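The residues making up each chain are set out below.
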Amino acid sequence: GALFAVWAAAWVAIWLLPARYRSETTIMIDELQVPAEEGASGLQARLQTLTPQILSRARLQRIVQDLKPYSANGFSTDALVNQMRSDIKVQPLPVSGRPNELAAFTISYSASSPALAQQVTTRLTSLFIEENVRTRAQRSEETTSFLDTQLQDARAFLQKQEARLQEFNAQYQGQLPSEAQANLSLRDGLDARLQNATQELQRANQQKLYLSSLLAQYRELRITGGSASSAPAGTPPALDAELSRLRQQLAGLRLRYTEAHPDLVRLREQIASTEKLRTQMEQELTGGHPEAGAMESPATLQIQSQLRANEQEIRDRQTQIAGMQAEMHVVQARLRNTPVREQQLAELTRDYNQSRSYYESLLAKRNQSQLAGSLDKQQQGQQFRILDPPTLPAAPYYPDRFKFSLGGLLLGAVAGGLAGYARELLDDHIHSPAEVEDLCPAPILAAIPPAAQPDSWLGRLRVGGEIAGATALLVLVTGSTYLAFIARYRD
């Protein structure tokens, strides 16, 4: 009795409770033609931002006024909006195998009728899609405007860095690390030229000594020759020594060069000129006359001319050497300053490269933001695409009559068991000799058998009624449960 009573109460309740129908739609997030600008966390954050906007009081109040999903008797507008908000469910759907990546989301709404549930779900779907397009367009415009401002500041700072770098290169031209190799080559060239000039200066000084000695000796020979009746004895020793030196030098050069070598040609000309001078001196000395010592001969004038040319060469060589030494000091100063300039240039270059990288990244982001805004306006950007349109529910999702029926049957079985157990506890009749022994310690001497009752038709009728009632109850419970099952899963 208890089993049937509890089950019957549950069965009546599931048919008296108001039915609720749920309509559901799935929206896919498409990435089309636009580079990814936000990851899965960004998509989830955007969905979390869109949901409160869609479920705002103003939008839900408009839906309540247009579709009237609830009875307004005795309820305020805020209460109806709160009720609708509790009946709406937005559930994100992650990518299979990648729980942190969002692929789609579902929107569902429960109402008292299937058509109403579908209408409200369709309205909510349209709001999500429209709000997504509007929000993305607004966000793209705001992002582009912000990036434009940042880009202008970055461009101005980059131009300052470029100006500093150009000013540094102009100010320390010749001391830059890129010019170090050229300075080294210039130093080596100057060193070689300085050595050659020094050698030429030494040669010019030696030539000056030779010419001065030759002039003095020749004058002495002329004076001596002019005061004696006999011919002067030979030529100046300096001239003979010079000829001997030149001939030895010519012999050494012939071992290394051919006759057409410029050094050999120049040396032969110098020897010829010296021999010519020697011949001229011999003629002047052998053809002497009483006034010879008081006159400047052509040979003397030639030696003096060579001496003046030699002195001018010495001055030119000294000026050349001084210029090369000054230039060498400048080159060496550049090489000494190169490490310092290299460090300074590295700091300027690092700042310039950082500014340029920042500017290029801002430019790329600005261009990407403009592209995203254009594609969103043309509905080619990141879109919400309806994968499954809002369904028209064929059966209510609440109450679940099958589960309620099984639950009532289970509770009835528990209630029946508890009732039987309580009846046994409250029963004070003696049903067995063991119970008598428990009550009385005296031994049992005799037992009276149960009296036989006549077999009457009333007893048989009672037993048959109980069997028929139990069978009917079993059929009723089974049929009702099956009916609830069919009502739950029918299409």
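Residues numbered from 1 in each chain as written. Predicted model: local features only at pLDDT ≥ 70, side-chain atom pairs only at ≥ 80, totals over all residues. Heavy atoms only, no water.

Q: Help me understand the overall build of the chain in this model?
A: The helix and strand tally for the chain stands at twelve helices and four strands. Across the 491 residues in the chain, those meeting the buried criterion constitute 31%. In the chain, the proportion of contacts linking residues at least 24 apart, taken out of those at least 6 apart, comes to 79%. Only carbon and sulfur atoms are counted for the fraction: they give 56% of the accessible area of the chain, which is about 30700 Å². (Helix = DSSP H or I, 4+ residues; strand = E, 2+ residues; numbered from the N terminus. Buried < 20%, exposed > 50% of the residue type's maximum accessible area, 1.4 Å probe, protein only. Contact = heavy atoms within 4.5 Å. Areas by Shrake-Rupley, 256 points an atom, 1.4 Å probe, with all protein chains shown as cover.)

Q: Would you explain unusual backbone geometry in this entry?
A: Apart from glycine, the bulk of residues carry a negative phi angle, and the bulk of peptide bonds sit in the trans form. Despite not being glycine, Lys68 shows a phi value in the positive range, around 50 degrees. Structurally, the position occupied by Lys68 is in the loop between helix H3 (57-67) and helix H4 (77-87).

Q: Is there a simple way to explain the pattern of salt bridges in this structure?
A: Side chains that differ in charge, positive against negative, can pair when their charged atoms come close. In this structure the tally under the stated criterion is 16 salt bridges. Ionic pairing is found between Asp87 and Arg20, a salt bridge with its closest N-O pair at 3.3 Å. Placement of Asp87 in helix H4 and of Arg20 in the loop between helix H1 (2-16) and strand E1 (21-30) is noted, with a sequence separation of 67 residues between them. By relative accessible area, which is 11% here, Asp87 ends up buried. When its relative accessible area of 19% is taken as the criterion, Arg20 is described as buried. Measuring nitrogen to oxygen at the nearest pair gives 2.6 Å for the salt bridge that ties Arg268 to Glu259. In this structure Arg268 comes out as partly exposed when scored by relative accessible area, which is 28%. Take Glu259: its relative accessible area is 41%, and that puts it in the partly exposed class. Several salt bridges converge on common partners, so that one network encompasses Glu200, Arg203, Glu313 and Arg317. (Salt bridge = Lys/Arg side-chain N within 4 Å of Asp/Glu carboxyl O.)

Q: Looking at this structure, I do not really get the packing of aromatic side chains. What am I missing?
A: How two aromatic rings sit relative to each other is set out by the distance from centre to centre and by the angle between their planes. Per the stated rule, a full pass over the model turns up two aromatic pairs. Aromatic side chains Phe168 and Tyr172 sit 4.9 Å apart centroid to centroid with 50 degrees between the ring planes, which places their arrangement in the tilted category. Overall, the relative accessible area of 18% leaves Tyr172 in the buried class. (Phe/Tyr/Trp six-rings, centres within 6.5 Å; stacked < 30°, edge-to-face > 60°.)

Q: Looking at this structure, how should I read the packing of H3 against helix H5 (residues 114-171)?
A: Two quantities define a packed helix pair, namely the angle between the helix axes and the distance between the axes. In contact at an axis separation of 11 Å, H3 and H5 are set at 145 degrees when each is read in the N-to-C sense. The way H3 lies across H5 gives a crossing that is right-handed. In contact with Arg59, Arg62, Ile63, Asp66 and Leu67 of H3, H5 contributes Leu116, Gln119, Val120, Arg123, Leu124, Leu127 and Glu131. Split by residue class, the contact of H3 with H5 holds six nonpolar, one polar and five charged. (Axes fitted to C-alpha atoms, helices over the stretch in contact; angles between N-to-C directions. Left-handed = near helix turned anticlockwise from the far one by under 90°. Nonpolar A, V, L, I, M, F, W, Y, C, P; charged D, E, K, R; others polar.)

Q: Would you mind going over the side chain of Gln161 with me for this structure?
A: Here Gln161 lies in helix H5. Excluding anything up to four places from it in sequence, Gln161 contacts Leu348, Asp351, Tyr352 and Ser355.

Q: Can you walk me through the environment of Asn183 in this structure?
A: Within the secondary structure, Asn183 sits in helix H6 (residues 180-227). For Asn183, a relative accessible area of 4% gives the class buried. Sequence separation between Asn183 and Met328 is 145 residues, and the spatial gap between their C-alpha atoms is 9.9 Å. Excluding anything up to four places from it in sequence, Asn183 contacts Gly174, Val331, Arg334 and Leu335. Side-chain polar atoms of Asn183 contact the backbone oxygen of Gly174, separated by 2.6 Å. (Polar contact = N/O pair within 3.5 Å; in protein donor to acceptor, adjacent residues only side chain to side chain.)

Q: So what exactly am I meant to see when it comes to helix H8 (residues 262-286) here?
A: Because an α-helix completes one turn every 3.6 residues, residues spaced three or four positions apart along the sequence face the same direction. With 25 residues, H8 extends 36 Å between its outermost C-alpha atoms, agreeing within 8% with the 36 Å of an ideal straight helix rising 1.5 Å per residue. Within H8, burial applies to Leu264, Leu267, Ile271, Thr274, Leu277, Met281, Glu284 and Leu285. (Expected span 1.5 Å × (residues − 1).)

Q: It is not clear to me how a nonpolar patch on the surface should be interpreted in this structure. Could you clarify?
A: There is a patch of nonpolar side chains on the surface, built from Leu410, Val414 and Leu418 and spanning about 300 Å² of accessible area. In this fold, Val414 is placed in helix H10 (residues 401-426). According to the relative accessible area criterion, Val414 is partly exposed, its value standing at 44%. (Patch = residues over 30% accessible without salt bridge, like charges linked within 9 Å, V, L, I, M, F, W, Y side chains within 5 Å.)

Q: Looking at this structure, I do not really get H4. What am I missing?
A: Taken as a whole, H4 has its buried residues at Leu80, Val81, Met84 and Asp87. In an axial view of H4, the angular spread of the buried residues amounts to 125 degrees, which keeps them on one side of the axis. (Arc of directions from axis to C-beta.)

Q: Looking at this structure, I do not really get the environment of Thr143. What am I missing?
A: Inspection of the secondary structure assignment puts Thr143 in helix H5. Taking C-alpha positions, Thr143 is 8.9 Å from Gln370, a pair spaced 227 residues apart along the chain.

Q: Help me understand the packing of helix H7 (residues 237-254) against H8, please; the structure alone is not making it clear to me.
A: The interhelical angle for the contact between H7 and H8, taken along N-to-C directions, is 160 degrees, at an axis separation of 10 Å. In terms of orientation, H7 and H8 fall into the roughly antiparallel class. The hand of the H7/H8 crossing is left-handed. Packed against H7, whose contacting residues are Leu239, Asp240, Glu242, Leu243, Leu246, Arg247, Gln249, Leu250, Leu253 and Arg254, the element H8 presents Asp263, Leu264, Leu267, Arg268, Gln270, Ile271, Thr274, Glu275, Leu277, Arg278 and Met281 at the interface. The residue makeup of the contact of H7 with H8, split by class, is ten nonpolar, three polar and eight charged. (Parallel < 35°, antiparallel > 145°, perpendicular 65-115°, else oblique.)

Q: Please explain the confidence of the model for the chain as it appears in this structure.
A: Keep in mind that low pLDDT regions are not for reading the predicted coordinates in detail. Considering every residue of the chain, the mean pLDDT works out to 77; 69% of them sit at 70 or more. Across residues 32-37, where pLDDT falls below 50, the model places 15 contacts with residues more than four positions away in sequence or in other chains. pLDDT under 50 marks residues 226-232. Its contacts with residues more than four places away, or in other chains, come to five contacts. (pLDDT = per-residue confidence, 0-100.)

Q: Looking at this structure, how should I read the environment of Arg366?
A: Mapped onto the secondary structure, Arg366 falls in helix H9 (residues 298-377). C-alpha of Arg366 to C-alpha of Ser140: the two residues are 226 residues apart in sequence and 9.5 Å apart in space. Sequence-distant contacts of Arg366, defined by excluding residues within four places in its chain, comprise Thr144, Leu147, Asp148 and Leu151. At 2.7 Å, the side chain of Arg366 forms a polar contact with the side chain of Asp148. Reaching out from Arg366, the side chain makes a polar contact with the side chain of Asn367 at a distance of 3.3 Å.

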